[in-house]
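Overview (structure and organization)
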Amino acid sequence: MRTTKTLPTIDIRYGKFLVPFFDCYAQNNNSITNRPDNKTILANIKQQRLSWKEVHETILIEMQEVTGLTFLENTIPVYIVPTYEGAFSDPIVISSLQTEHFVDVLTHELIHRLGDYNKEKVSIRGIGKELYKHIDDHIFQDHIFVHAIHTYLYLDILKTPQSLADDIASSDGAYANAWQLVQDTGYKEIIERFKKCY
């Protein structure tokens, strides 16, 4: 093990108390598509947990190692819901339909989490706003660091360049712009730029 930093427990659970809110949101936006039944949801959560278990230590160790940051939280709940197609980091909410790329999605949200809640009290979002103040889009700004760290994990640690290519290909808008900037500048250069601001 490369680090003596404590690893948080990532508690992947069915977000049963959140489900009614997301069901209502989906109904109001006509975005319910193939809503799984409870048996499928629970089977998917089981698969998501297994996928994460295979790589969780490596990802959490290397995420902290490369950033020099330490997770503030001892336990980070990850709520799985059936009628939301995206994901977000505070709290972490991910769709039960997200099985094939679950580890990639969770890793993305955990990079956000580490940047927002760390023992070193570093504000990655604040640094991004300062370093890239010429960029007006805050989603673009917020994802430069996230994509740089994720690129490092994909290429240097997990050795999965196809997963990186898939992630880039599935992105659009500000997310795609952030990927392009990371590719143009170089992920190692971006990581160092941020770390110099701690």
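Please read all numbers here as calculations on a predicted model, not as lab measurements.

**Observations concerning the pattern of salt bridges**
This structure, assessed with the given rule, holds seven salt bridges. Between Asp11 and Arg13 there is a salt bridge whose closest N-O contact spans 2.5 Å. Asp11 sits in the partly exposed class, given a relative accessible area of 27%. Here Arg125 and Asp116 are joined by a salt bridge, their closest N and O atoms 2.8 Å apart. Bridged by salt links that share partners, the residues Glu73, Asp90 and Arg113 form one connected network.

**So, the sheet that holds strand S4 (residues 92-95)**
Strand order in the open sheet made by the four strands is S1-S2-S4-S3, with mixed pairing throughout. Each of the sheet's edge strands pairs with one partner strand only, and the pair in question is strand S1 (9-14) and strand S3 (87-89). On average, adjacent strands in this sheet sit at an angle of 25° to one another, irrespective of strand direction. Across four bridges, the pairing between strand S2 (residues 75-81) and S4 is parallel. Each bridged residue has a counterpart across the sheet, and for Tyr79 the counterpart in S4 is Val93.

**Things to note about the environment of Asp166**
Inspection of the secondary structure puts Asp166 in helix H6 (residues 161-169). Along the chain, Asp166 and Val105 lie 61 residues apart, while their C-alpha atoms are 12 Å from each other.

**A look at unusual backbone geometry**
Looking along the chain, the bond that leaves Asp90 and enters Pro91 is cis, with omega of 0°. Relative to the elements of secondary structure, Pro91 occurs in the loop between S3 and S4. Residue Lys121 is not a glycine yet carries a positive backbone phi of 60°. Residue placement: Lys121 occurs in the loop between helix H3 (102-116) and helix H4 (124-131).

About the criteria used
Residues numbered from 1 in each chain as written. Predicted model: local features only at pLDDT ≥ 70, side-chain atom pairs only at ≥ 80, totals over all residues. Heavy atoms only, no water. Salt bridge = Lys/Arg side-chain N within 4 Å of Asp/Glu carboxyl O. Buried < 20%, exposed > 50% of the residue type's maximum accessible area, 1.4 Å probe, protein only. Pairing = 2+ DSSP bridges. Helix = DSSP H or I, 4+ residues; strand = E, 2+ residues; numbered from the N terminus. Axes fitted to C-alpha atoms, helices over the stretch in contact; angles between N-to-C directions.

Interpretation note: all reported values are geometric properties and have no functional meaning in isolation.
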